[in-house]
Amino acid sequence: MAIQGDFREHKQMLKELGVEAVEVRLPRDLEGLAGLIVPGGESTTIGMLAREYGLEGAVRERVREGSLAVWGTCAGAIWLAREIPEFPDQPRLGVLNIAVQRNAYGRQVDSFEEDLEILGFERPFHAFFIRAPRILKVGDDVRVLAKHQNEAVLVQSGKLLAGTFHPELSEDTRVHQLFLQLSSNALVAK
Ligand code: GLN
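Note that this is a predicted model, so its numbers are computed, not measured.

Caption draft 1: Representation of the pattern of salt bridges within the structure. Scanning the model with the defined rule gives eight salt bridges in all. With its nearest N and O atoms 3.1 Å apart, the salt bridge here joins Glu23 to Lys11. On the criterion of sequence distance, the pair formed by Glu23 in the loop between helix H1 (7–16) and strand E1 (35–38) and Lys11 in helix H1 is long-range, its members being 12 residues apart. The class of Glu23 is partly exposed, set by a relative accessible area of 26%.

Take a look at the structure:
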């Protein structure tokens, strides 16, 4: 999703994995896609513009059909979240059963790095957190794939993936590979 934020870094990562990504700004750009990455950036800007461009409704429809996998990183995870208790009216997709708090780590530690244990990964993943949101609550239908200080930082529910860190800023392509797998399942299911 190329409305705002660091979508170019995601595109580059996919290119390294041999996948030619297209930039999605309008509903028609979704045609033929199996997966959509919603990047980090500024979640209110992304949310407002996605609504204005008609993307919010189009993506929601495809998610309901089960024909589109969606991965939100950081601001993208906020866009996916069902609940933002502090900002209940913030425009968002709201399809993933989690509650998030924006910019939740405070000023002193607004950015940090951490080696995460991710479910199914053989080695730790070096993760960059930048003004990251906190996942306050996960629903029963949501699987926690990684934690930082005992709180979920990477979660999955069906074909939805959300993480509060930025894999597109590292050299490690494993989370992108995981999402490609989820996306290809979306194709098969269709
Ligand atoms: N703080 C941002 C927001 O609430 C998200 C930060 C990020 O995507 N790196 O939109």
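The discussion continues.
Caption draft 2: Seen up close, the UniProt feature "binding site: L-glutamine" (unreviewed entry) in the chain. Per the UniProt record, the feature "binding site: L-glutamine" (unreviewed entry) sits at Gly41, Glu42, Ser43, Arg102, Ile130 and Arg131. On the basis of their most widely separated C-alpha atoms, the annotated residues across 91 residues gather in one place, lying no more than 13.0 Å apart. Set against the second largest pocket, the annotated residues named above that line it are Gly41, Glu42, Ser43, Arg102, Ile130 and Arg131. For Ser43, the location among the structural elements is in helix H2 (residues 43–52). Once residues within four sequence positions are removed from consideration, Ser43 is found in contact with Ala75, Ile78, Gln90 and Arg102.

Caption draft 3: Focus on the layout of surface pockets. Considered as a void within the structure, the largest pocket measures approximately 440 Å³ in volume. As for the largest pocket, its lining consists of 23 residues, of which Leu14, Val19, Ala21, Gly35 and Leu36 are closest to the centre. Sorting the residues of the lining of the largest pocket by element identifies H1, E1 and helix H5 (174–189) as the ones contributing at least two each. Ranked by residues supplied to the lining of the largest pocket, first place goes to H5 with five residues. Grouping the constituent residues of the lining of the largest pocket by class yields 15 nonpolar, five polar and three charged. The calculated volume of the second largest pocket comes to roughly 220 Å³.

Caption draft 4: Broad picture of the site of the ligand. Around the ligand, the structure places Gly40, Gly41, Glu42, Ser43, Cys74, Ala75, Ile78, Arg102, Asn103, Ile130, Arg131 and His166. Ile130 places a main-chain nitrogen or oxygen 3.0 Å from a nitrogen atom of the ligand. Within the contact set of the ligand, a nitrogen atom lies 3.2 Å away from a backbone nitrogen or oxygen of Arg131. Its free accessible area being 300 Å², the ligand has 94% of it covered by the protein chains. The cavity that encloses the ligand is the second largest pocket. Its residues assigned to classes, the shell around the ligand shows four nonpolar, five polar and three charged.

Caption draft 5: Seen up close, the nonpolar core. Core analysis: the biggest nonpolar cluster contains 31 residues, and Met1, Leu36, Val59, Val70 and Trp79 have the highest contact counts within it. Put simply, the parts of the chain that give this core at least two residues each are E1, H2, helix H3 (55–65), helix H4 (75–80), strand E4 (96–101), strand E9 (151–157) and strand E10 (160–163). At five residues, the largest contribution of residues to this core is made by H4. Excluding its chain neighbours within four sequence positions, the residues that come into contact with Val70 are Leu36, Val38, Val59, Val63, Leu80, Lys159, Leu160, Leu161 and Phe179. Leu14, Phe129, Val153 and Leu182 belong to the second-largest nonpolar core, a separate cluster that totals 23 residues.

Caption draft 6: Highlighting the environment of Glu42. When you line up the elements, Glu42 lands in the loop between E1 and H2. Accessibility expressed as a relative area gives 27% for Glu42, which makes it partly exposed. In this structure the C-alpha to C-alpha distance between Glu42 and Ala75, which are 33 residues apart in sequence, comes to 5.8 Å. At 3.0 Å, the side chain of Glu42 and the side chain of Arg102 are in polar contact.

Thresholds, definitions, all that
- Note on numbering: residues in each chain are counted from 1, in written sequence order.
- Totals for whole chains, interfaces and linings use all residues, but because this is a predicted model, local features are given only for residues with pLDDT of at least 70 and pairs of side-chain atoms are given and counted only at 80 or more.
- Hydrogens are left out, water is left out, and the side-chain values use all remaining heavy atoms of the structure.
- Each salt bridge in this description consists of a side-chain nitrogen of Lys or Arg and a carboxyl oxygen of Asp or Glu lying within 4 Å of one another.
- In DSSP terms, a helix is any run of H or I states spanning at least four residues, a strand is any run of E spanning at least two, and both are numbered starting from the N terminus.
- Burial classes: relative accessible area under 20% of the type maximum marks a residue as buried, over 50% as exposed, and values in between as partly exposed (1.4 Å probe, protein chains only).
- UniProt positions are given in the numbering used here, feature names are shortened, and annotations may be inferred rather than shown by experiment.
- Here a cavity denotes a set of grid points, spaced 1 Å apart and computed over the protein atoms alone, in which a 1.4 Å probe fits but from which it cannot get out, and a pocket denotes an open set meeting protein on both sides within 12 Å along at least five of seven lines; residues with an atom within 4 Å of a point are reported as lining.
- Here a residue-residue contact requires only that any non-hydrogen atoms of the pair lie within 4.5 Å.
- Grid points are joined across faces, edges and corners, and a volume is the space filled by probe spheres set on the points.
- When residues are grouped by polarity, Ala, Val, Leu, Ile, Met, Phe, Trp, Tyr, Cys and Pro land in nonpolar, Asp, Glu, Lys and Arg in charged, and all others, Gly among them, in polar.
- In these notes, residues near a molecule or strand are those with any non-hydrogen atom within 4 Å of it.
- Each polar contact in these results corresponds to two N or O atoms within 3.5 Å; when the atoms are within protein, one needs to be able to donate a hydrogen and the other to accept it, and residues that are neighboring in sequence are counted only if both atoms are side-chain atoms.
- The method behind every accessible area is Shrake-Rupley, applied with a 1.4 Å probe, and residues are considered shielded solely by the protein chains displayed.
- For a cavity or pocket, the test is whether more than half of a molecule's atoms lie within 2 Å of its grid points; if they do, the molecule sits there.
- For our purposes a nonpolar core is just a set of buried Ala, Val, Leu, Ile, Met, Phe, Trp, Tyr and Cys residues, chained together by side-chain atoms within 4.5 Å.

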